[in-house]
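Structure assessment
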Amino acid sequence: MIGDRPMPPISSQNTPDKNQITRRTFALGAGGIGVFGVLAARLYQLQVLQAENYRTLSDNNRFNFNMLLPERGEIRDRFGVPLARNSQNFRLVMIPERTTEIEKTLDRVSRISPISPRQRERIEKDIRQNPKFVPILVKDNIDWETFSALNMRLHALPGIVSEAGQGRTYPENGVFSHVLGYIGRAGSRDIEEDSDPLLKQPTFRIGKTGVEAAQEKTLRGASGKLKVEVNARGRIVREWPDPATRATPGKDVWLTLDAELQEFAAKQFATEDEGDDSGGICVIDVITGELRTLLSMPAFDANLFVSGLTQSDMDRMNNDPKRPQYNKVIAGGYPPASTFKMAVMLAALESNLINPAKPVFCSGKLRLGNRTFHCWKRQGHGKVDMRDALKQSCDTYFYEISQVLGIDAIANVARRLGLGRLYDISIGGGIAGIVPTEEWKRQRLGTGWRTGDTLNASIGQGFVLATPLQLAVMTARIANTIEAVMPQLVIGQTLPNFEPLDFDPAHLAFVRDAMWSVTSEPGGTAYRPNPFGTDPSVKGMELAGKTGTGQVRGISMAERASGIRSNSKLPWKLRDHSIFVGFAPYDRPRFAVGTIVEHGGSGAKRAADISRAVLGEALRRDGLGDASAADTGALK
Amino acid sequence: MVARGGSFRGAVPASGGSLTTKLFEINWLLPTLVGVLGLVGVTMIFAATDGVWRYGALQHFVRVGFGALVMLAIALIDIRIWYRLAYPAYIIGLLMLIGVEVFGVEVNGSVRWLDLGVARLQPSEVMKPAIVLALARYYHDLPSDRVSHIIGLLGALILLALPMALILRQPDLGTTLLLGTTGVVVVYLAGISWRVIGFASLFAAVGIPLFFKYGLKAYQQERVLTFLDPTRDPAGASYHITQSKIALGSGGVNGKGFMRGTQRQGEYVPENRTDFIFTVIGEEFGLIGGLLTMGLYMAVIGVCVWLSLQCKEMFAKLLILGLTTTFTLYIFINLGMVMGLAPVVGVPLPLISYGGTVILAVMGGFGLILSAHLYRGVELPRSG
């Protein structure tokens, strides 16, 4: 203190104040030191006692893990032909924080590459809902010329970044669209069901339908991580590369299908004046169950779904009476019609109630109570035994024997042949079809089974429904003799061993012989010599099969009376479905086919023609034809 | 400038002398400590702005320098002038606050600034030394037996309540509380009786909850509530506190090193150039840096208290202690806020936080303290 000099006298007024103010100053000072003590203690608590905890929190702040998207696996046919592959996808993204003129910029982009009002709406919504630094997709799948044009003007498009990303293309002309399905951005339901954070990435695509969806796990791969240091607004400050966290690309999926055969089959559906016929065809290996062709017609271009459908595309597809999006080969339930007769026949043989040699007289119709059941041949077939009944497809014969067998015995055989059940060929979307029983009708319709129902079922009409796939499986089992063949689409998918078919091989041989007579004996409904043409590789091969004509409407009495049943004169929608099942070669079965052509022209001809062509092509491509031709050649 | 004719009591300090002589008689410890704190501010602002001088560090340096000149100029001016200017200064401050009310510039939702054309001024900062001047003079003039008298109390209450009400309207809760507490401390030091203190405490116990309900804006209530329960709004109000604590805590004992604070680099702590600058100190220099900073502040406060003890006049004592109280409260509220012990109210860390008016006000205040000490031998009149 400087107070070492003599102090002046202090006024009396100030005396009590001075001591008091000093006391109170010290009291406050002590309080102040106390507060500093508390603050210091708090600092100690934060920086020493809880330092570890806060260091972790600080690192949590500091580091983000950015997801690296895996490359999606490709889908190939049995020979490795790519059916779905990844391609360069030229696209434009906008980073909103880099521009103040979002509207103007989008207008300018639109002048070079039009942005539809719907796209525009989506872009603006994305911009609103994401942080400003997140790139928002403006346009993708831009063709190269437009992309170059946009790149040239990029300087006038603030906030726009052009990039070449991963796209998905389906090169095979749409004939695999139903099988492959397509990919798209994950919806809210997908995200609910699948916790993989990849789904939340705006540029990530998942399988929506078909193989793309069913094999999603294999195709997707696993995301990688990129450790990045970010600031409070999420902007990356720096990257911390770490090779261990690269994305794992998805695995390729190989299908049992044969791309060229599928293409060939699709061509067979073309008509001269009505575009592609509507329907489905399935070619199956009778030994392994591998599907060589699984085609629904008309095809559609799945690439449209990836790039985003325009309204007119959508309308055209939805309004098309041939329903191109509908996967008829596995999801189309059709009355199998006369192709069901093999099941009835086999049931008869198995039952031992019917003597196949014993003829039945067909007068063209059968009276049951006050109802009349007609044979397709009005004038009747006369006396027919079992083999002839199949060969000529005599309805009356089956009406007769089915009454003896009863529906449940027929249904039992039909099921064992593979009808009425859903096959998981891992593309989803199939149906089980219907093999009716008394129990089924009671539960489903609440009414009792009537004999008339059995008669209808015996010719594959009424309640019976099957898909082309099921018909192919049925035929494959008949041809296989020993095992209950199951269809397979994805190579490497582990299938349970086939169960024994458990029919008397002699009975099956009898059925096959009858089917042979249909296609190979004069008088058969699908008779044609040299069914696969005269190509040396298939010449001499024999086809066994069965035709069917699926009724889509009741036939009026007037029509019957006038005899007008010519399909071609009816409107498309009212014409019968044309059905064919078959297998070849007859002596050494290799492939079975199930074909349905919706409203397919006159009788069973259309489906039989397509089946013959496709089976022949399958045999040619299989190489078996060569060996067989060489064998027969050598024998001669 | 100083009236030479003033009567000096005794030889302390050595008679009048030239300005140069006076300059040597200033207690230089205080300006040195203040200067060091100002330089700490320059360094930390430099770090907070990622090492870009022109984002604040340079301005702060210039302001500290200018503030030092102002401080010394004020210090050299005779205490009697300040005594005479006490009420005028108060009235000018009051008028400026009213001016804010009328012509104020809005920043971040509250009107605190007065645009003077050349510079923007924050009148509430001017009011801080002004209220101390006014109260010091008021109690200097008030006979000690009247201090606890109802009239004596009323006078002080009016002096205090007017600026508080105006600042609260801006709204600026932090400054209001700071001003009020300073006033209460001055009244306490002036010798108010314990009976009155008891009554006032009782009144506060009832008044504060009422004030909370009716006197605070919704956002201020929210801040207080969030302070009491930070989970109320993890992304909003308590984000400040949480990120601030992370910055401090992750600094540990030694800190992450100068310019190496990751919380700072990531811009996680908002306002870390101004009110939250202590997070930069804590993160980059750790507990050591934090305690050293607090030590510097304690030294400044200690020196001020020591200077007050050497003064005899009531005006000088109350002036020094009042201004020191304001300075101390700045520190307490700011550090408490940064460490998550006090609500988030906009109170800067004096001399370190970026902000022009605050530096001028604080350094001007130190000028007054130095002046009161320098002229401690001067007898002040007592106008009833």
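Owing to the predicted nature of the structure, the values given are computational and were not obtained by experimental measurement. (Residues numbered from 1 in each chain as written. Chains lettered and ligands numbered in written order. Predicted model: local features only at pLDDT ≥ 70, side-chain atom pairs only at ≥ 80, totals over all residues.)

1. Quick notes on the overall build of chain B
Scanning chain B from terminus to terminus reveals 14 helices and three strands. Taking all 384 residues of chain B together, the buried fraction comes to 53%. Taking all contacts inside chain B whose residues are at least 6 apart in sequence as the whole, residues at least 24 apart take part in 72%. (Helix = DSSP H or I, 4+ residues; strand = E, 2+ residues; numbered from the N terminus. Buried ≥ 20, exposed ≤ 12 C-beta atoms within 10 Å, placed from the backbone. Contact = placed C-beta atoms within 7 Å.)

2. With respect to the overall build of chain A
Of regular secondary structure, chain A possesses 24 helices and 21 strands. Put simply, chain A has 636 residues, and 42% of those count as buried. In chain A, once contacts between residues fewer than 6 apart in sequence are set aside, the share between residues at least 24 apart is 74%.

3. Considerations on the sheet that holds strand β12 (residues 291-297) of chain A
Residue and element names in this part refer to chain A. Reading across the sheet, the five strands line up as β12-β11-β21-β20-β19 and stay open at both edges, with antiparallel pairing between neighbours. Two strands lie at the open edges of the sheet, namely β12 and β19 (544-550), each paired on one side alone. Strand after strand, the sheet turns through a mean of 5 degrees between neighbouring axes, direction not considered. In terms of strand pairing, strand β11 (residues 279-285) meets β12 through six bridges, oriented antiparallel. Its bridge partner lying in β12, Cys282 is registered against Leu294. Helix α10 (residues 259-268) contacts β11 and β12 of the sheet and is inclined by roughly 35 degrees relative to β12. Against the sheet, helix α23 (residues 605-622) touches β11, β12, β19, β20 (577-584) and β21 (591-597), its axis set at about 150 degrees to β21. (Pairing = 2+ DSSP bridges. Axes fitted to C-alpha atoms, helices over the stretch in contact; angles between N-to-C directions.)

4. Brief notes about the nonpolar core
It is characteristic of soluble globular proteins that their nonpolar side chains tend to be buried jointly. Membership of the largest hydrophobic core comes to 128 residues, with the highest contact counts inside it found for Val283, Ala472 and Phe591 of chain A. The two domains that each donate at least three residues to this core are domain 1 (62-81 + 172-255) and domain 3 (262-311 + 328-635) of chain A. Counting 127 residues, the second largest nonpolar core, distinct from the first, contains Ile21 of chain A together with Ala57, Leu307 and Leu360 of chain B. (Core = buried A, V, L, I, M, F, W, Y, C linked by C-beta atoms within 7 Å. Domains from an automatic or database assignment.)

5. Structural notes on the confidence of the model for chain B
Residue and element names in this part refer to chain B. The pLDDT averaged across chain B works out to 85; a share of 89% of its residues lies at or above 70. Highest mean pLDDT in chain B belongs to helix α12 (residues 277-310) (95); lowest belongs to helix α9 (residues 218-228) (69). Low pLDDT (under 50) marks residues 1-15, which in the prediction has 26 contacts with non-local residues, meaning those over four places away or in another chain. Two numbers describe this predicted complex: its pTM, 0.60, and its ipTM, 0.89. (pLDDT = per-residue confidence, 0-100.)

6. With respect to the packing of helix α7 (residues 173-189) of chain B against helix α13 (residues 314-338) of chain B
All names here are of chain B. Running from N to C, α7 and α13 point in directions that differ by 140 degrees, and their axes come no closer than 9 Å. α7 and α13 meet at a crossing whose hand is right-handed. Residues Gly174, Leu178, Thr181, Thr182, Val185, Val186 and Leu189 of α7 pack against Leu318, Leu321, Gly322, Thr325, Thr326, Leu329, Tyr330 and Ile333 of α13. When grouped by side-chain class, the residues that make up the contact of α7 with α13 number nine nonpolar, six polar and no charged. (Left-handed = near helix turned anticlockwise from the far one by under 90°. Nonpolar A, V, L, I, M, F, W, Y, C, P; charged D, E, K, R; others polar.)

7. Overview of the confidence of the model for chain A
Residues and elements named next belong to chain A. In the predicted model, chain A carries a mean pLDDT of 80, and 86% of its residues have values of at least 70. Contacts for the low-pLDDT stretch residues 1-15, under 50 throughout, to residues beyond four places or in other chains number 16 contacts. Of the regions scoring below 50 in pLDDT, residues 624-636 engages in 14 contacts with residues more than four places distant in sequence or in other chains.

8. Structural notes on helix α14 (residues 341-351) of chain A
For α14 of chain A, the buried fraction is high: nine of the 11 residues fall into the buried class. All of the buried residues in α14 of chain A are Lys341, Met342, Ala343, Val344, Met345, Leu346, Ala347, Ala348 and Leu349 of chain A.

9. Some points on the environment of Ser520 of chain A
Residue and element names in this part refer to chain A. One can find Ser520 in helix α21 (residues 505-520). Sequence-wise, Ser520 and Tyr586 are 66 residues apart; in three dimensions their C-alpha atoms are separated by 9.9 Å. Apart from the residues within four sequence positions on either side, Ser520 is in contact with Tyr527, Glu542 and Leu543.

10. Structural notes on the environment of Ala259 of chain A
All names here are of chain A. Note that Ala259 resides in helix α10. Taking C-alpha positions, Ala259 is 7.9 Å from Leu83, a pair spaced 176 residues apart along the chain. Apart from residues lying up to four places away in sequence, Ala259 is in contact with Asp77, Val81, Leu83 and Glu172.

11. Description of helix α4 (residues 79-103) of chain B
All names here are of chain B. When the terminal C-alpha atoms of α4 are compared, their 33 Å separation across 25 residues agrees well with the 36 Å that a helix rising 1.5 Å per residue should span. Considering bend angle alone, the principal kink of α4 is centred on Leu85 and spans about 45 degrees; proline Pro88 follows within four residues of it. Turning to α4, its buried residues are Ile79, Trp82, Tyr83, Ala86, Ala89, Tyr90, Gly93, Leu94, Met96, Leu97 and Val100. (Expected span 1.5 Å × (residues − 1). Bend = angle between axes of the 7 residues up to and from the residue.)

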